[in-house]
Amino acid sequence: MGNWQDNVRRVTPYTPGEQPQRKVIKLNTNENPYPPSPAAVAVLQAADGAAFRKYPDTDATELVNAISEVYGVSADRIFVGVGSDDVLGMSFLTFFASDKPVLFPDITYSFYDVWAELFRIPYRQIPLTENFRIRPEDYMTENGGVVIANPNAPTSVALPVEAIRGIIEANRDSVVIIDEAYIDFGGESVLPLIDQYDNLLVVQTFSKSRSGAGLRVGFAMGSKMLIDALKAVKFAYNSYTMSTPIIQAGAAAMRDVAYMKKTTAAVVATREAFRPRLEALGFTILPSATNFYFASHDRVPAKVIFEELKKRDIFVRYWNKPRINNHLRITVGTDAEMEALVGALTEILAAY
Ligand code: PMP
């Protein structure tokens with residue numbers, strides 16, 4: 001055998017939550033329990049198979065225009081991709097070409113360090129405080145970029161806009177990416193700040209508040225300079241990323257603001273209704289501005305609860321990682337799903 005193996009790029013991949021193929025109560029990947037907007041579903045049902053003969057629109061113009069109308073941001077300041085993972089990965093590749101370390105929290109979206117490793121970007125993970133909060137001052141040191149999920153995941157805690165403004169103000173020489181995957185469930189978006197700071201990139205997704213995890217649509221908004229740089233890298237890599245029905249369904253989902261507001265309000269109502277029920281069972285839960293809880297139990301180890309729930313076909317997320325190995329991340333489902341969760345937990349905790 002030759003030595004070609006020495007030339008293989010080795011990377012430890014991101015571990016997605018399980019997607020079991022049988023029907024379970026799935027509270028492990030922060031999907032929305034409600035279907036996408038009926039307008040988007042109708043577009044998909046009407047899709048013209050014969051039209052796949054042609055390449056799709058590389059600029060996803062229809063989708064970009066819909067985002068532009070809804071957010072009041074001009075189309076040349078919007079970048080779209082195949083889920084926000086695609087947008088974030090492209091952003092790491094585009095904006096973090098410095099020799100200085102990119103900063104992000106030690107406990108945050110676990111794809112950030114994977115992209116940094118993949119693209120050989122130096123990085124430094126800054127510990128959250130004891131009670132899992134981001135300390136803005138920690139991001140005011142020299143760096144090659146900053147990435148913050150707001151609200152943070154898996155902790156569910158949001159930072160106020162003014163705290164993020166402070167981080168941006170202190171970092172005018174690097175790009176600051178704010179990953180707002182969960183912003184519509186209660187956080188305050190920093191989107192208005194893109195008019196003031198040309199180094200701020202705001203990334204959002206259709207996967208959570210627009211119930212479209214399977215559509216794979218994400219987007220970024222920022223200064224035209226940032227967006228042009230992202231587009232150049234995208235068109236240096238893969239130009240035809242989104243298919244025509246997805247571009248059209250995405251546009252329809254974006255325009256249906258009323259449906260998005262209604263379904264996110266339903267998720268938030270369920271989140272608040274079940275918080276005291278879980279607390280009564282002995283869970284401590286961080287204040288959530290998202291569609292999930294980050295919870296630990298006062299007596300029973302998280303791993304035991306995770307495994308016992310799984311035996312009962314209820315999937316939540318557990319990480320066997322330092323600092324968070326006694327916590328569970330539980331997606332907020334429908335009231336009926338949460339009722340089943342509380343029932344199962346009551347049984348598990350009584351038996352332990
Ligand atoms: N950012 C955060 C903080 C997330 O939790 C997720 C969901 N896994 C994503 C980005 C990516 O989601 P998607 O690619 O579905 O837009």
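Predicted, not measured: the structure shown is a model, and the values here were computed from it.

Caption draft 1: Expanded view of the sheet that holds strand β8 (residues 218-221). In space, the seven strands of this open sheet follow the order β2-β8-β7-β6-β5-β3-β4, with mixed pairing throughout. Every other strand in the sheet has two partners, leaving β2 (78-81) and β4 (123-126) as the edge strands with one partner each. Geometrically, the sheet is characterised by an average inter-axis angle of 20° between neighbouring strands, direction not taken into account. Two elements, strand β3 (residues 102-105) and strand β5 (residues 145-149), share two bridges in a ladder whose sense is parallel.

Caption draft 2: The sheet that holds strand β12 (residues 317-318), seen in detail. One open sheet accounts for four strands, arranged β9-β10-β13-β12; its pairing is antiparallel. Edge strands, defined here as strands with exactly one partner in the open sheet, are β9 (283-285) and β12. Bridge analysis of strand β10 (residues 292-297) against strand β13 (residues 328-331) gives four bridges, and the strand direction is antiparallel. Bridging from a neighbouring strand, Y293 pairs with I330 of β13.

Caption draft 3: Inspection of the domain arrangement of the protein chain at higher detail. In terms of domain boundaries, the protein chain breaks down into domain 1 (15-35 + 258-350) and domain 2 (38-255). Computed over C-alpha atoms, the centres of domain 1 and domain 2 are 25 Å apart. With both sides pooled, the region where domain 1 packs onto domain 2 buries about 2,200 Å², and carbon together with sulfur makes up 62% of that total. By the criterion of area lost to domain 2, the three top residues of domain 1 are M260, A289 and R323, representing 29% of everything that side buries. On the surface where domain 1 and domain 2 come into contact, there are one salt bridge. In this structure, the salt-bridge partner of R323 is D106, at a minimum N-O distance of 2.9 Å. Scanning the region where domain 1 abuts domain 2 turns up 10 residue pairs in polar contact (both at pLDDT 80 or more). Considering each element in turn, the side of domain 1 that touches domain 2 owes the most residues, seven residues, to helix α8 (residues 257-280).

Caption draft 4: Molecular detail of unusual backbone geometry. Following N150, the chain continues to P151 via a peptide bond in cis, the omega torsion being -5°. With respect to the helices, strands and loops of the structure, P151 is situated in the loop between β5 and α5 (161-169). Unlike most non-glycine residues, N30 shows phi in positive territory, near 55°. Checked against the element boundaries, N30 lands in the loop between β1 (25-26) and α1 (38-45). Positive phi is not limited to glycine here, since F132 has a value of about 65°. If you trace the backbone, F132 turns up in the loop between β4 and β5. With relative accessibility at 9%, the residue F132 sits in the buried group.

Reading guide: rules and limits
- Residues numbered from 1 in each chain as written.
- Predicted model: local features only at pLDDT ≥ 70, side-chain atom pairs only at ≥ 80, totals over all residues.
- Heavy atoms only, no water.
- Pairing = 2+ DSSP bridges.
- Helix = DSSP H or I, 4+ residues; strand = E, 2+ residues; numbered from the N terminus.
- Axes fitted to C-alpha atoms, helices over the stretch in contact; angles between N-to-C directions.
- Domains from an automatic or database assignment.
- Buried area = accessible area lost by both parts, 1.4 Å probe.
- Salt bridge = Lys/Arg side-chain N within 4 Å of Asp/Glu carboxyl O.
- Polar contact = N/O pair within 3.5 Å; in protein donor to acceptor, adjacent residues only side chain to side chain.
- Buried < 20%, exposed > 50% of the residue type's maximum accessible area, 1.4 Å probe, protein only.

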